[in-house]
Amino acid sequence: MLRVTGVRLAESISKHPLNLREASAALLPPLPLYRRILRAHRHLPFEMRSLGDDYVKAEFRRHKETTNKVHIIGFLSQWKVYLDQLPSGPEAQSFRGKPLDPTVLEKARAMSAEQLGQLYEVMHVTKDVWKPVSPEQGGSQNTPDELEKSS
């Protein structure tokens with residue numbers, strides 16, 4: 001029985017050529033997407049991982065009971081875009097983020113007061129947690145112990 005199911009599955013997959021652009025743009029169900037994001041965070045530096053994990057968990061909890069299909073699709077698609085932009089493998093350890101897209105700031109004019117407040121809070125939390133060290137100051141990264149001592 002298992003073999004027949006496996007053969008049918010293989011037949012259904014092989015009939016369509018693989019298009020990486022479409023596969024990347026495909027939405028993932030919430031739980032697999034959540035798990036993939038947390039797995040991708042494993043390769044990030046400690047500070048970025050802890051901040052990212054807490055934020056992802058809170059956002060998915062906050063949207064757990066959402067019933068509006070438009071909001072669900074927007075939520076899942078934006079998190080999929082985020083997942084696709086995360087580095088993987090060895091280069092993830094040296095990842096330091098990327099500049100905010102200027103179009104996001106243009107969209108800020110259309111944001112609600114609550115959304116602007118959340119963006120402001122994220123900005124301040126990231127400034128407090130992530131303090132890059134310049135090469136002139138020794139070039140070493142802040143360890144979790146150093147961050148706790150400075151708090």
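This text follows the structure it describes.
Residues numbered from 1 in each chain as written. Predicted model: local features only at pLDDT ≥ 70, side-chain atom pairs only at ≥ 80, totals over all residues. Heavy atoms only, no water.

Caption draft 1: Highlighting the pattern of salt bridges. According to the stated counting rule, one finds three salt bridges in the structure shown. Between Glu-59 and Arg-62 there is a salt bridge; the shortest N-O distance is 2.2 Å. Of the two residues, Glu-59 and Arg-62 both sit in helix H4 (residues 46-62), three residues apart, roughly one turn of that helix. For Asp-84, the salt bridge goes to Lys-80, with nearest N and O atoms at 2.9 Å. Remark: Lys-80 and Asp-84 occur in helix H5 (residues 69-85); sequence separation between them is four residues, near one turn of the helix. Owing to a relative accessible area of 41%, Asp-84 belongs among the partly exposed residues under this scheme. Take Lys-80: its relative accessible area is 7%, and that puts it in the buried class. (Salt bridge = Lys/Arg side-chain N within 4 Å of Asp/Glu carboxyl O. Helix = DSSP H or I, 4+ residues; strand = E, 2+ residues; numbered from the N terminus. Buried < 20%, exposed > 50% of the residue type's maximum accessible area, 1.4 Å probe, protein only.)

Caption draft 2: Broad picture of the nonpolar core. By size, the foremost hydrophobic cluster in this structure holds 15 residues, and its most contacted members are Leu-33, Ile-37, Val-56, Phe-60, Trp-79 and Leu-83. Within the residue set of this core, elements represented by two or more residues are helix H3 (30-41), H4 and H5. When near neighbours in sequence (up to four residues on either side) are disregarded, Leu-33 contacts Leu-28, Phe-60, Leu-76, Trp-79, Lys-80 and Leu-83. (Core = buried A, V, L, I, M, F, W, Y, C linked by side-chain atoms within 4.5 Å. Contact = heavy atoms within 4.5 Å.)

Caption draft 3: Molecular detail of the layout of surface pockets. Its boundaries defined by the atoms lining it, the largest pocket holds a volume of some 2300 Å³. Around the largest pocket, the lining is made up of 44 residues, and of these Tyr-55, Tyr-82, Leu-100, Leu-119 and Val-122 lie nearest the centre. Within the residue set of the lining of the largest pocket, elements represented by two or more residues are H4, H5, helix H6 (102-107) and helix H7 (113-129). With twelve residues, the top contributor of residues to the lining of the largest pocket is H7. Its residues assigned to classes, the lining of the largest pocket shows 23 nonpolar, eleven polar and ten charged. Estimated volume of the second largest pocket: approximately 240 Å³. Lining the second largest pocket are 13 residues, and of these Pro-30, Phe-60, His-63, Lys-64 and Phe-75 sit closest to its centre. Among the secondary structure elements, those contributing two or more residues to the lining of the second largest pocket are H3, H4 and H5. Considering each element in turn, the lining of the second largest pocket owes the most residues, four residues, to H5. (1 Å grid on protein atoms, 1.4 Å probe; cavity = no way out; pocket = protein on both sides within 12 Å on 5 of 7 lines; lining within 4 Å. Points joined across faces, edges and corners; volume = space filled by probe spheres on them. Nonpolar A, V, L, I, M, F, W, Y, C, P; charged D, E, K, R; others polar.)

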